[in-house]
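Summary of structural features
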Amino acid sequence: MADSTQAPVLAPVAAKKPHSFTHHGITVQDDYAWLRDPGYPEVTDAEVLAHLEAENRWFEARMAPHQERIDALFKEMRARIKEADKSVPQKDGDYLYWIEFEEGAEYKKWWRRPVSGGADELILDEVALAEGKEYFRLGALSLSANGKLLAYSVDDNGSERFTVRIKDLATGELLADEIPGTLSALVWVAKDTGLVYSLANEQWRTDNARLHWLGTPLSDDVEIYHEDDEGFRVGSSLSANKKWLIIGTSDHETSEARLVRADDPLGPQILVKAREKGVEYDVDERNDVLFIHTNDTHENFRLATASIDAPAAWNTLIEGSDDFYLTGVDLFRDFFVVEGRERGLDRIAVHYYDDPNRIEPIDFPEASYSAGLGNNPEWHVETLRLSYESMVKPASVMDYDVKAKTLETLKVQEIPSGYDEDLYATERLEIAARDGTLIPVSIVYRKDREGAGPLHLYGYGAYGISIDPGFSTSRLSLVDRGFAFAIAHIRGGDDMGRAWYKAGKLERRTNTFTDFVDCAKGLIERGYTQAGKISISGGSAGGELMGAVINSDPELWGAVVAHVPFVDVLATMLDETLPLTPGEWPEWGNPITDKAAFEHIASYSPYDRVAAQAYPPSMVTAGLNDPRVTYWEPAKWVARLRELKTDGNELILKTNMGAGHGGKSGRFESLKETAEEFAFILWQLGIEG
């Protein structure tokens, strides 16, 4: 019998077990469906586990000769991180709060000290909470209004089911109250005697808002709102002035909100406006006036107001605009702040309640950057905490003096091993897609880079999530080895406005994939790189992107990294028992009821479109406990690729057996995975050093 501990000499081959399903008269064959454990979310099937472990051994065997480079990459990435670091303190009530990393620590410590003076207080120690755990993630963290109690939630296996505990900050003791199975913010109400939260049901859907009174059994908790539409998720928050509990429910295209007095959470609820398909809105309140951020009359959103006595009668305060995408509004006592994007670049402006024409933009120094409001917890403020960075400028924390209209830099991300931004250049290009649409591409490279060298292209393109041109210390490990690093701001994200998002979803989903390919071809035409010298990466829906573009244009890519890739789109969208599925239909379409949606998804679903052709070298990751992209999607995809691909290129799969969607936890453990990814890319592109 062979020694199972020896390095394997051949890649594992998954068994083929005939299985098919039929919808709309169309039959689909899926011989790797058995890789889904029938007992999921418990994964105990011996054959499934044996296959995943065999893939992990193959991954380790193929990467083992490159361990020295992985270690070197990790060492240089770690050297760019200030190990003993702390955030800029921020005032909230009677205290200043900050977080701190100690030398060598994977996790943070949360601190405060009285504004009036006094000793520093350690209020939460993630290092101690994570001790002995393979995985640790802090979820929600919420201080009571009086500053005496701290509610927090923890996930210690990557399943995204968090357990809530409450700490008495005066004594350091935990209260007896413990709430397992949450997936939500934690909101203090009723003068800090109650906590509002949401439980994840069996499908990881938060279809509820519940109230827990401190010191009472969980069985006495009250469901204050229940959502009957299985595609919607419920979340709760406080208004900026802390007067109202806001209970929101939404899917990817429709939302609805209710208000209830925070001091009387069991009192009457005010429905702001009944849901209307395709209409999204969020709400805040000041002096009995509601401020509603909504896309009801313009896809790039407007700002409306309404009386709390007539909450559905909305009057426009800021019109929707084709040029300005209004992404959010934050209320403060004396002014409000509008955030948005113009031609894809962040804009922030201060507006005044008493003079609609008084608008004070906050100006930033660079042509391409990422900026936004930071943590501003107080209602009455005279300065605003901001964040700012670009592809060449490390992250900065700034305070903006609203009256003086001046910016003060409080902290710039420190890179202990050294960083000279004058060595680097960044550009914002526009590359024509095949339908003529100009796709923005942000790119950074060393000024001494010569010729059409290697290039890494990153993309996401889903859910209206923009990928901002921010700074990355780990990225330097590629750029300093001659890479250009580019971000393709493809349709499906909302980088260029809401229409940009809509142009990459549902029946127009394939624009996302063709945009990415066309950006790569445009970069080749402009002399930045060559076909075969491009490495690409993406995760989750970005992993779906990876799967689609290696099916359509495999010759372009020299190396591919797909993290927790959403590649089995058709089967997942046909299974309404899965956590994601009903809430995802507005994004992808419902192939159960809609034959056209079925056929369209089948036409691009990466797993279903794997063909007998050459594929580029690929590294794939998965998380056994991942509730978002279930582990069997990448496992099935890799199995089918192994069966059908006609090349001898590398194909490796790593399943984190104790983690979920985000991979390993901890700031250095997660960095090790980045080092593995970069080592794979350098190996496949034949780059030394």
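None of the values given here were measured: they were computed from a predicted structure. Position numbers for residues count from 1 along each chain, tracking the sequence in the order it is written. In view of the model being predicted, local features appear only for residues whose pLDDT reaches at least 70, and side-chain atom pairs are presented and counted only at 80 or more, with totals across whole chains, interfaces and linings using the full set of residues. Note that the side-chain values use all heavy atoms of the structure and ignore hydrogens as well as water.

Observations concerning the pattern of salt bridges
Opposite charge on two side chains makes pairing possible when the charged atoms of those side chains draw close. Quick note on the threshold: Salt bridge, as applied in this entry: a Lys or Arg side-chain nitrogen positioned within 4 Å of an Asp or Glu carboxyl oxygen. A run of H or I in DSSP becomes a helix once it reaches four residues, and a run of E becomes a strand once it reaches two; helices and strands are each numbered from the N terminus. Only protein chains enter the calculation, and the probe is 1.4 Å; a residue is then buried if its accessible area is under 20% of its type maximum, exposed if over 50%, and partly exposed in between.
Overall, the coordinates contain 49 salt bridges when judged by the stated rule. Taking the shortest distance from any N to any O, the salt bridge between Glu47 and Lys17 comes out at 2.7 Å. With Glu47 in helix 1 (residues 46-63) and Lys17 in the segment before strand 1 (20-23), this residue pair connects regions lying 30 residues apart in the sequence. Where Glu669 meets Lys672, a salt bridge forms, and the shortest distance between an N and an O atom there is 3.0 Å. With Glu669 and Lys672 both in helix 12 (residues 669-684), this residue pair falls 3 residues apart, about one helical turn. Of the residues examined, Glu669 reaches a relative accessible area of 25% and is grouped as partly exposed. A single network of salt bridges, built from pairs that share partners, joins Glu227, Glu256, Arg258 and Arg275.

What to know about helix 9 (residues 581-588)
Rules: Contacts are assigned to residue pairs that have any heavy atoms within 4.5 Å of one another.
In terms of residue burial, helix 9 counts as a mostly covered element, since 8 of its 8 residues are buried. Along helix 9, the residues that are buried comprise Thr581, Pro582, Gly583, Glu584, Trp585, Pro586, Glu587 and Trp588. Those residues of helix 9 that are buried lie in contact with strand 16 (233-238), helix 5 (498-502), helix 7 (541-552), helix 8 (569-573) and helix 10 (595-604). Where helix 9 terminates, the next one or two residues include Gly589, which has phi positive at roughly 105 degrees.

What about the sheet that holds strand 31 (residues 406-412)?
For the record, the criterion: Pairing between two strands is assigned when DSSP locates at least 2 bridges connecting them. Axes, fitted as lines to C-alpha atoms, cover a helix only where it is in contact. Angles between the N-to-C directions of the axes lie from 0 to 180 degrees.
Read across the sheet, 4 strands follow the order 28-29-30-31 without closing on themselves; strand pairing throughout is antiparallel. This sheet does not close on itself; its edge strands, each paired only once, are strand 28 (370-373) and strand 31. Sheet twist, expressed as the average angle between the axes of neighbouring strands with direction ignored, equals 25 degrees. By the bridge criterion, 6 bridges tie strand 29 (residues 383-389) to strand 30 (residues 396-401) in an arrangement that is antiparallel.

Concerning the side chain of Asn590
Worth spelling out the cut-off: Counting of polar contacts relies on pairs of N or O atoms within 3.5 Å, with two restrictions inside protein: one atom must be capable of donating a hydrogen and the other of accepting it, and residues adjacent in sequence are counted only when both atoms are side-chain atoms.
Within the secondary structure layout, Asn590 lies in the loop between helix 9 and helix 10. Side-chain polar atoms of Asn590 contact the backbone nitrogen of Ile592, separated by 2.9 Å. The contact partners of Asn590, leaving out residues within four places of it in the chain, are Trp585 and Ala597.

Details of the side chain of His351
Counting through the fold element by element, His351 comes out in strand 26 (residues 345-352). Once residues lying within four places of it in the same chain are set aside, the contact partners of His351 are Ile318, Phe335, Phe336, Val338, Arg358 and Ile359.

Details of the nonpolar core
Under the convention used in this document: To define a nonpolar core, start from buried Ala, Val, Leu, Ile, Met, Phe, Trp, Tyr and Cys residues and group those joined through side-chain atoms within 4.5 Å.
Core analysis: the biggest nonpolar cluster contains 111 residues, and Leu457, Phe516, Leu523 and Trp557 have the highest contact counts within it. Counting residues per element, this core draws most heavily on helix 12, at 7 residues. Residues contacting Leu457, with those up to four places away along its chain left out, are Ala486, Ala488, Phe516, Ala520, Leu523, Ile534, Ser535, Ile536 and Ser537. Counting 18 residues, the second largest nonpolar core, distinct from the first, contains Val337, Ile348, Leu384 and Met398.

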